[in-house]
Amino acid sequence: MSRKGFEASSSDKLARLRARMVERQLRPRGIEDERVLQAMGEVPRERFVPESERARAYDDGALPIGNGQTVSQPWIVASMAALLELKGPERVLEVGTGSGYSAAVLSWLCSHVVTIERHEPLARAAGETLGSLGVRNVEIRIGDGSAGVPDRAPFDAIVVTAAAEAGVPPALVDQLVIGAPLVCPIERRRHERLVLVRNGVEQTIAPVRFVPLVEGGD
Ligand code: SAH
């Protein structure tokens, strides 16, 4: 992780837009974890979206990233990261790399991120963006993340950034350290909600909208 890399890559104007995003979109909605707020204030979201979307990088919404996928609204990225209650030494699994933005945020908050994406072009682009920002503690895998990444398990936290229809994939639960948190959007009967699972107990956090988690092959 190179904090200098992020700083060097970003103009004052963009830094101000990020600071405003933190003050207007995140704090008022109850994000209190200062490390999460700091990460959100540092990671240059504009670098993770296509050129055509850059002007909207700090708007209060999701943005298209290609392959029919989206990067989540900043508030959702911050909320999911905050729910993991990361302190620094953790190893985290993310399912759904997408643009790599949320992986970059997580890379600030823990020691190592393994992130898995089923769309190879997205995974490659995310790798390039993270590399260009000097992020060194994110490992990208290509494949079906509903099976987790067994050769890197167990994880101190898991976050899924696509909506699972059949509930939390059991393989992910198996790859968690006992008592560790897992955050996942779940879709049931057309209603999508973000859930936090810890010690097998599922807690609903908020209604959300995510792209679907596509399990198995194409
Ligand atoms: N975290 C991303 C948001 C990505 S949207 C970001 O910050 O940009 C969700 C992503 O999950 C999409 O890129 C989609 O291709 C991916 N995805 C969906 N099902 C998947 C699966 N089974 N395994 C891995 N990735 C998956």
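1. Examining the layout of surface pockets
- Here the largest pocket defines a volume of roughly 440 Å³.
- Lining the largest pocket we find 35 residues, and of these Val 95, Gly 96, Thr 97, Gly 98 and Thr 161 sit closest to its centre.
- Those elements that provide at least two residues to the lining of the largest pocket are β2 (69-71), α4 (74-83), β3 (91-95), α5 (101-109) and β4 (112-117).
- Element by element, the count of residues in the lining of the largest pocket is highest for α5, at 4 residues.
- Reported here for the second largest pocket is a volume of approximately 150 Å³.
- No other element matches α4, which puts 5 residues into the lining of the second largest pocket.
- In the lining of the second largest pocket, the residues fall into 9 nonpolar, 2 polar and 2 charged.

2. Quick look at the site of the ligand
- Every one of the 25 residues lining the ligand counts as a neighbour, but Ser 99, Ser 102, Glu 117, Gly 145 and Val 214 are closest to it.
- A distance of 2.7 Å separates a nitrogen atom of the ligand from a polar backbone atom of Gly 145.
- Burial of the ligand by the protein chains amounts to 99% of its free accessible area of 580 Å².
- According to the grid-proximity analysis, the pocket containing the ligand is the largest pocket.

3. Section: unusual backbone geometry
- Look at the link from Ala 153 to Pro 154: it is a cis peptide, with omega at 0°.
- The residue Pro 154 is located in the loop between β5 (138-142) and β6 (157-160) in this model.
- Non-glycine residue Glu 85 carries a positive phi angle of around 50°.
- Relative to the assigned elements, Glu 85 resides in the loop between α4 and β3.

4. Remarks on the packing of aromatic side chains
- Applying the stated rule across the entire model yields 1 aromatic pair.
- For the ring pair Phe 48 and Tyr 101, a centre distance of 5.7 Å and an interplane angle of 65° mean the geometry is edge-to-face. A residue pair is termed long-range when its members are at least 10 positions apart, and Phe 48 in the loop between α3 (34-42) and β1 (63-66) and Tyr 101 in helix α5 qualify at 53 residues.
- Lying over the aromatic face of Tyr 101, Arg 45 brings its terminal NZ or CZ to 5.6 Å of the ring centre.

5. Considering the pattern of salt bridges
- Across all of its chains, the model carries 14 salt bridges by this definition.
- For the salt bridge of Glu 23 with Arg 27, the shortest nitrogen-to-oxygen distance reads 3.1 Å.
- With relative accessibility at 44%, the residue Glu 23 sits in the partly exposed group.
- With a relative accessible area of 35%, Arg 27 lands in the partly exposed category.

About the criteria used
- Residues numbered from 1 in each chain as written.
- Predicted model: local features only at pLDDT ≥ 70, side-chain atom pairs only at ≥ 80, totals over all residues.
- Heavy atoms only, no water.
- 1 Å grid on protein atoms, 1.4 Å probe; cavity = no way out; pocket = protein on both sides within 12 Å on 5 of 7 lines; lining within 4 Å.
- Points joined across faces, edges and corners; volume = space filled by probe spheres on them.
- Helix = DSSP H or I, 4+ residues; strand = E, 2+ residues; numbered from the N terminus.
- Nonpolar A, V, L, I, M, F, W, Y, C, P; charged D, E, K, R; others polar.
- Near = heavy atom within 4 Å.
- Polar contact = N/O pair within 3.5 Å; in protein donor to acceptor, adjacent residues only side chain to side chain.
- Areas by Shrake-Rupley, 256 points an atom, 1.4 Å probe, with all protein chains shown as cover.
- Sits in = over half its atoms within 2 Å of the grid points.
- Phe/Tyr/Trp six-rings, centres within 6.5 Å; stacked < 30°, edge-to-face > 60°.
- Lys NZ or Arg CZ within 6 Å of the ring centre and 35° of its normal.
- Salt bridge = Lys/Arg side-chain N within 4 Å of Asp/Glu carboxyl O.
- Buried < 20%, exposed > 50% of the residue type's maximum accessible area, 1.4 Å probe, protein only.

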